[in-house]
Structure formats: C-alpha cells, structure tokens
Amino acid sequence: MIKQRQNDSKEIREQRVDFLQLLVDAEITDNGAKQENGDTASGEAMGKHTVRRLTTDEIVGQGTLFFIAGYETTASTLTFASYNLAMNPDVQEKAYNEIREMLGNEEPNYDNIGKLKYLDNVISETLRLYPPVIALSRRASENIKIKGVTIYEGQTVFVPTIALQRDPRLFKDPHSFKPERHEETSNPLSFLAFGYGPRNCIGMRLALVEAKIALVHVLRAVKFERRPDTQEVLTFKVSNFLQPEKDIKLKVSPRC
Ligand code: HEM
C-alpha cells in the first residue's frame with residue numbers, strides 16, 4: 001500500500017485523508033531529498049528548524065503498532081465488559097435502561113453517547129479490573145532516588161497497572177465490579193489503563209467511542225448471562241497483554 005500511495009498523482013494524494021497518507025506524506029524520498037513543501041529530509045537542520053522525516057521502515061513500524069495497539073486492546077475491553085455484565089445482571093439492566101432512556105431508538109454516535117454516563121463507568125470499571133495493557137514502561141533519563149531506591153539513567157522501570165488498579169489502598173473492595181465508584185473523583189495516577197503523561201495512549205478517545213457504540217448495539221439486541229461453565233474468577237496467560245487462559249463462555253439470549 002505504501003508503494004501504491006507513493007505512485008499516486010498529487011490530485012489523488014490530496015483526496016486521501018487517512019492515517020497511512022499522513023505517514024506517507026511525511027516520508028523521506030529515496031534520495032533523502034527536499035520534499036515538495038520545502039522541508040528537508042531526515043532531520044537535517046533547516047535554518048533554525050529541524051524537520052524529522054520518516055523512513056519506510058518507520059512507516060511500517062507505526063502501521064503495525066496501530067494494529068497491535070488499536071485492535072486487540074479494544075476487542076479485549078469488549079470481551080471483559082461482556083463477561084462483567086453477565087456476572088453482574090443488575091449492572092447490565094441499569095446500562096440497558098440508560099440506553100433506552102437516553103437514546104430511545106436513536107443511532108449511537110459521537111454526539112449522543114456522551115449522555116451515557118453509566119455505560120462510561122461500566123467501561124472504566126472494566127478497564128480498572130482488566131486493563132488490556134497490564135504494565136507501563138519508562139526509561140530513566142537521569143539518576144534519581146525515590147523512597148530510598150535509586151534508579152539509574154537508562155534503566156527501564158515497569159509500572160504494574162493491574163496491581164495498582166486492584167490495590168485496596170486505592171480502591172475499596174478492589175475485586176468487586178462496581179461502576180459507581182467512578183462517579184467520585186480519585187487520584188488520576190490510580191487509573192492507568194491508558195497510561196499517563198505525554199506518551200499516554202493516543203487512541204484513547206477513539207477506543208472509548210468505539211467501545212460505547214459497540215456496546216449500545218449489542219446490549220439493545222441481546223442479554224449476556226453466565227453459564228454453568230463460566231469461570232467465577234478469570235485466570236490469565238503470562239503476557240504483557242491481558243489474555244484469559246481459557247475461553248470466556250457466556251450465554252447470549254436475544255432481547256424481545
Ligand atoms: C481500550 C483500548 C486501549 C487501551 C486500553 C490502550 C492502552 C494503551 C496504553 C496503556 C499505552 C501506553 C501508554 C503509556 O505508556 O503511558 C498505549 C499506547 C498507545 N496506544 Fe493505546 N490503548 C487502546 C486503544 C488504542 C487505539 C484504538 C489506538 C489507535 C488507533 C491506540 C494507539 C496507541 C499508540 C500509537 C500508543 C503509543 C503512544 C506513544 O508511544 O506515544 N491505542 N495504549
């Protein structure tokens with residue numbers, strides 16, 4: 001697709017408004033030469049400014065990251081949300097009634113899903129108990145001592161999101177699924193499902209919109225229920241991404 005985009009005429013290029021086009025437009029030309037807009041290639045100094053351009057490998061890397069970061073995480077969130085709703089029928093009914101009251105038969109879209117505060121809390125609570133990315137990592141840019149522990153420049157530090165989000169010092173009754181707890185404001189560093197700071201998740205808003213719209217469509221049509229073989233407590237594979245060890249089995253009945 002990169003090759004195809006590179007061969008597009010200027011007219012077609014301008015009509016394309018997607019993410020790949022942004023990356024291809026920022027690419028270094030084969031000979032690292034000046035681009036059409038006058039920027040210089042590969043981070044060369046241009047007067048006072050330095051323009052950083054992308055190599056083809058970097059474009060492929062960013063594209064792959066988008067698939068990994070963007071699809072699996074949102075799909076897992078929906079899986080865990082369905083499980084939580086099946087295990088907590090009262091929460092499912094409350095979320096369903098909110099959809100009926102707030103949206104009626106309207107199609108869910110970017111503008112009207114803001115009215116679904118309870119569903120928003122259901123998603124936050126799902127991400128608290130089951131953050132698809134279980135830990136964050138940061139590399140120290142300088143030596144620093146925090147509470148008696150020295151972290152040296154260049155060392156990588158892992159922040160265990162899933163452990164923090166289930167810590168009883170931060171969340172009362174941490175293993176219970178309680179969407180209401182998100183009505184109260186808490187320390188923003190206690191909820192790290194999308195990371196924190198300048199390198200947090202750039203797809204957060206998109207992911208939340210996608211998840212909400214998907215749940216509105218699904219909850220209007222069906223009800224999730226537990227089955228005799230649904231696990232009471234989920235167990236997970238050893239991985240950086242939260243993946244259930246066994247398939248999550250639920251009963252799905254149509255709503256009349
Ligand atoms: C529920 C869904 C998602 C979750 C839980 C999630 C979680 C995360 C987390 C924890 C990080 C690391 C943040 C940090 O280190 O502070 C991250 C980074 C990232 N996410 Fe997401 N993500 C989700 C959806 C998406 C989507 C839909 C996209 C793109 C369409 C996306 C693109 C990215 C990218 C590109 C980064 C790297 C940002 C950087 O390094 O500057 N994510 N995500």
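Residues numbered from 1 in each chain as written. Predicted model: local features only at pLDDT ≥ 70, side-chain atom pairs only at ≥ 80, totals over all residues. Heavy atoms only, no water.

## Some thoughts on the coordination of the iron atom of the ligand
Put simply, the rule is: Listed donor atoms are N, O and S within 2.8 Å of the metal (Na, K and Ca: 3.2 Å). As water is not included, a site may look incomplete. Where helices and strands are cited, they refer to DSSP runs of H or I of at least four residues and of E of at least two residues respectively, numbered from the N terminus.
Within the protein, just one atom coordinates the iron atom of the ligand: Cys201 (SG), at a distance of 2.3 Å. Its location among the elements puts cysteine 201 in the loop between helix H7 (161–164) and helix H8 (204–221).

## With respect to the packing of helix H4 (residues 56–87) against helix H5 (residues 89–103)
Packed helices, taken two at a time, are described by their axes: the angle between them and the distance between them. For clarity, the cut-off: Think of each axis as a best-fit line through the C-alpha atoms, taken over the contacting stretch in the case of a helix, with angles from 0 to 180 degrees between the N-to-C directions. Every angle not falling under 35 degrees, over 145, or within 65 to 115 is termed oblique; those three ranges are roughly parallel, roughly antiparallel and roughly perpendicular. Contact definition: two residues touch when any of their heavy atoms are within 4.5 Å. Gly counts as polar in this scheme, as do all residues outside two lists: the nonpolar Ala, Val, Leu, Ile, Met, Phe, Trp, Tyr, Cys and Pro, and the charged Asp, Glu, Lys and Arg.
One can describe the packing of H4 onto H5 by two numbers: an axis separation of 5 Å at closest approach and a directional angle of 110°. Taken together, the axes of H4 and H5 are roughly perpendicular relative to one another. Contact residues: Leu85, Ala86 and Met87 in H4; Pro89, Val91 and Gln92 in H5. Tallied by class, residues from the contact of H4 with H5 come to five nonpolar, one polar and no charged.

## So, the domain arrangement of the chain
Note the cut-off: All the domain ranges listed were derived from an automatic or database domain assignment.
Here the domain parsing of the chain yields domain 1 (2–54) and domain 2 (76–254). Relative placement of domain 1 and domain 2: their C-alpha centres are 38 Å apart.

## Observations concerning H5
Where we set the bar: Multiplying one less than the number of residues by 1.5 Å gives the expected span of a helix. Buried means the residue's accessible area, taken with a 1.4 Å probe over protein chains only, is under 20% of the maximum for its type, while exposed means over 50%, and partly exposed covers the values in between. An arc is given here, and it is the one of the directions from the helix axis to the C-beta atoms.
Given a rise of 1.5 Å per residue, 15 residues ought to cover 21 Å, and the 21 Å separating the end C-alpha atoms of H5 matches this to within 8%. If you check which residues of H5 are buried, you get Val91, Gln92, Ala95, Tyr96, Glu98, Ile99 and Leu103. In an axial view of H5, the angular spread of the buried residues amounts to 155°, which keeps them on one side of the axis. Exposed side of H5, more than 90 degrees from the buried face: Pro89, Asp90, Arg100 and Glu101 are the residues found there. For H5, the secondary structure elements touched by its buried residues are H4, helix H6 (117–129), H8 and strand S7 (222–226).

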